[in-house]
Structure formats: C-alpha cells, structure tokens
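# Descriptive structure summary
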Amino acid sequence: MTTAARTIEATTPAPSTPAPAPAPAAAPAPVRRPGPPPRPRPLAVLVATGTSTAALLLLVALGTVLHHPLLIPPLAASMALVAASPDLPLSQPRSVVGGQLLSALTGFAVLAVAGPGLWSAAVAGGLALGAMMLARAPHSPAAATAVIVALGSPPFWTFTGLLLASCALLVAAGLLMAKATRRTYPVYWI
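Anyway, here's the lowdown on the structure attached to this text. All figures in this text were calculated on a predicted structure; none of them were measured in a lab. (Residues numbered from 1 in each chain as written. Predicted model: local features only at pLDDT ≥ 70, side-chain atom pairs only at ≥ 80, totals over all residues. Heavy atoms only, no water.)

## Observations regarding helix 4 (residues 93-114)
Between the first and last C-alpha of helix 4 there are 31 Å, a value that for 22 residues agrees with the 32 Å anticipated at 1.5 Å per step. Along helix 4, the positions that sit buried rather than exposed are Pro93, Ser95, Val96, Gly99, Gln100, Ser103, Ala104, Thr106, Gly107, Phe108, Val110 and Leu111. Along its buried surface, helix 4 packs onto helix 3 (73-84), helix 5 (118-134), helix 6 (140-152) and helix 7 (156-181). Positive phi shows up at Gly115, right after helix 4, with a value of about 80°. (Helix = DSSP H or I, 4+ residues; strand = E, 2+ residues; numbered from the N terminus. Expected span 1.5 Å × (residues − 1). Buried < 20%, exposed > 50% of the residue type's maximum accessible area, 1.4 Å probe, protein only. Contact = heavy atoms within 4.5 Å.)

## Quick notes on the packing of aromatic side chains
Enumeration according to the criterion identifies three aromatic pairs in this entry. Relative to Phe159, the ring of Phe108 has its centre 6.1 Å away and its plane inclined at 75°; by these criteria the two rings are edge-to-face. You can see Phe108 sitting in helix 4 and its partner Phe159 sitting in helix 7, a full 51 residues away along the chain. The burial state of Phe108 is the same as that of Phe159; both residues are buried. Measuring from ring centre to ring centre gives 4.8 Å for Phe156 and Trp157, while their planes differ by 90°; the resulting arrangement is edge-to-face. (Phe/Tyr/Trp six-rings, centres within 6.5 Å; stacked < 30°, edge-to-face > 60°.)

## Examining helix 7
Helix length check: helix 7 (26 residues) gives 37 Å between terminal C-alpha atoms against 38 Å at 1.5 Å per residue, within 8%. Directly after helix 7, the chain includes Arg182, whose backbone phi takes a positive value near 60°.

Nothing here speaks to function; it is all geometry.
Okay, here's the thing in structure tokens:
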C-alpha cells in the first residue's frame, strides 16, 4: 500500500455502529393533590364500625362490673385510629399502649408538682406530647389522657391499671379486626 493510500485510509472515518436510541423519558409521577382520602369499601366501613362499637361497649360493660369507668374520651379516639387507620404509626400497639401510659404518667407528674386544675391540665397535655415523641410512641388521643389526669386527680394505681387493661383490649380488638379483614395489624409491635 502506498503512503498516499495509507493517509487516505487513516483519515477516512471507520464505519461506526449506530448510537443506541435514547431511552424514552420516564413519565413524571402523578402529583397527589390535596383532598379527601379515597372512599373506603363498604365492608371495611362495616367491620371498622362494628369492631369499634363492640370494643367500646365492652369497656362500658367491664367498667360497670368493676364500678370504675373504663371508657374515657381518649380511648374512643384511640379505637377510632386502630379501626379506621390500622397502618398508621399512631395506631400501632407501641403507640396506643405506650402513648397512653406515658401521657397518664406525665399527667400524674404535673399533678404532683402543680396540683389539679386547668393550668396543670394544659401543661400536662403539652408535656405528654414531648414524652411520647421522645419515646417514639406518638398517639394524639393520649395527650387528652394527661389532661384528664391533671383535671380529675384520679387514684394513681387504679387509673393506671385500668388504662393499661383498656388499651390492651383496644389492641386485641384491632387484632381481631385484622384477622376478619385479612389486613396486617400491627405493622410493628415495638
């Protein structure tokens, strides 16, 4: 091969392989607009409502037998969370039992320092939130338990024992509901 031929060959671009076609751009994820939650299935509404009502009636029946009220407003809210939103962190046993217990203890601590009253109740409700957050057991209805303790000054052992038993009953109702609906509850225990 002559020098001129080699020069032409060296300057001629080699046949190139076709570049791969660019991948199609991924469609952007749909943006969830604020709005109400999706409509629940009728059977889910029926089971959640029935479970919640049965659990709260059981609290009333046991309270009647024991001559102590077991149904306090925060427990109705706790049961609503467990029945309607069993996947939320607020609904897990750690939060239901732990949050209620921590809030009651916070209420009793404020009661011991400041005595019963509206000011004490406000402080107890606020401090209960911090205690639950630190313990990683958030349960919004439980802040009201601290308020009830600081307002009502119930007997410590009686109130605490009955509160724990009531919370255990609510968690048990959630377990039965999950079994009936084939849902997972709890998502985690501890």
